[in-house]
Amino acid sequence: MPTLAAVVAEARACRICADHLPLGPRPVLRAEAGARLMIIGQAPGTKVHASGVPWEDPSGERLRGWMGIDAKTFYDAGRIAIIPMGFCYPGLAASGGDAPPRPECAPQWHGRLRALLRAIELTLLIGGYAQSHYLGSRGGRSVTDTVRAWRDVMPEFLPLPHPSWRTRGWVRKNPWYESDVIPALRVRVAALLES
């Protein structure tokens with residue numbers, strides 16, 4: 001059986017959907033065997049594609065704020081694995097936002113990586129793509145429904161909305177998110193990262 005480091009290196013060299021990527025392949029992920037927390041988001045944006053550092057953008061700042069941790073802790077791959085649904089920037093959608101994660105990526109890599117990340121105790125499912133993939137029928141009809149029912153999938157998963165600038169209005173309309181979900185998220189993250 002290959003080691004986690006070998007599979008991560010293989011994933012970083014992946015070119016499976018290169019013909020569909022407007023900026024070319026640049027898989028962005030981080031994982032080491034000791035990680036107890038996993039973050040599964042959507043796919044890198046253009047800033048992350050340029051830097052190669054996951055969540056190195058305003059969305060990442062907001063996510064770290066929700067989690068109650070600093071960047072040094074967030075980027076410690078021995079504590080937090082970061083594996084998006086799509087490893088490369090997928091391009092723009094017709095609507096002007098980013099296109100969905102490429103469909104080849106998660107089926108190709110997630111099972112192999114998760115099988116080698118044996119210490120994971122909690123996976124944050126950020127946004128609808130991750131929630132649909134991992135929760136299936138256990139998820140709600142929308143991200144709002146799924147996040148509202150977060151207790152139903154704990155302690156294995158914790159669904160969150162995507163922390164983009166668009167989410168600010170969503171948070172205002174759903175005050176239970178800041179009063180119930182964020183405190184629970186911070187307590188769970190602190191417990192996993194302290195021990």
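See the structure shown above.
Residues numbered from 1 in each chain as written. Predicted model: local features only at pLDDT ≥ 70, side-chain atom pairs only at ≥ 80, totals over all residues. Heavy atoms only, no water.

Ordered in space as E2-E1-E3-E4, the four strands form an open sheet in which the pairing is parallel. Both edges of this open sheet fall to strand E2 (80-82) and strand E4 (157-160), since each of them pairs with a single strand only. Pairwise comparison of adjacent strand axes, ignoring direction, gives a mean angle of 20 degrees for this sheet. Bridging between strand E1 (residues 37-40) and strand E3 (residues 122-126) involves four bridges; their strand directions are parallel. Within E3, the position partnered with methionine 38 by the bridge is threonine 123. Of the strands in this sheet, E1, E3 and E4 touch helix H6 (residues 128-135), which is tilted by about 130 degrees from E3. Relative to the sheet, helix H9 (residues 176-194) contacts E1, E2, E3 and E4, its axis offset from that of E4 by approximately 140 degrees. (Pairing = 2+ DSSP bridges. Helix = DSSP H or I, 4+ residues; strand = E, 2+ residues; numbered from the N terminus. Axes fitted to C-alpha atoms, helices over the stretch in contact; angles between N-to-C directions. Contact = heavy atoms within 4.5 Å.)

Applying the stated rule across the entire model yields four salt bridges. A salt bridge links aspartate 145 to arginine 141; the nearest nitrogen and oxygen atoms lie 4.0 Å apart. (Salt bridge = Lys/Arg side-chain N within 4 Å of Asp/Glu carboxyl O.)

On to the nonpolar core, then. One finds Ile39, Met67, Leu124 and Tyr177 to be the most contacted residues of the largest nonpolar core, which totals 29 residues. Elements supplying a minimum of two residues to this core: E1, helix H3 (58-67), E2, E3, E4, helix H8 (167-173) and H9. No other element matches the eight residues that H9 contributes to this core. Those residues in contact with leucine 124 that sit more than four places away from it in its chain are Leu37, Met38, Ile39, Ile40, Met67, Leu158, Leu160 and Leu185. (Core = buried A, V, L, I, M, F, W, Y, C linked by side-chain atoms within 4.5 Å. Buried < 20%, exposed > 50% of the residue type's maximum accessible area, 1.4 Å probe, protein only.)

What follows covers the packing of aromatic side chains. A complete count under the given rule lists six aromatic pairs for this structure. With centroids separated by 5.2 Å and ring planes inclined at 75 degrees, the aromatic side chains of tryptophan 66 and tyrosine 177 adopt a geometry described as edge-to-face. Pair noted here: tryptophan 66 is in helix H3 and tyrosine 177 is in helix H9, with a separation of 111 residues, a long-range link. Accessibility assignment for this pair places tryptophan 66 and tyrosine 177 in one class, buried. Centroid distance tryptophan 170 to tryptophan 176: 5.7 Å. Interplanar angle 80 degrees. Geometry classified as edge-to-face. By way of ring pairs, the aromatic residues Trp66, Trp170, Trp176 and Tyr177 are connected into one cluster. Taking the ring centre of phenylalanine 74 as reference, the NZ or CZ of arginine 64 above it sits at 5.0 Å. (Phe/Tyr/Trp six-rings, centres within 6.5 Å; stacked < 30°, edge-to-face > 60°. Lys NZ or Arg CZ within 6 Å of the ring centre and 35° of its normal.)

Function-wise, these values are silent; they only describe arrangement.
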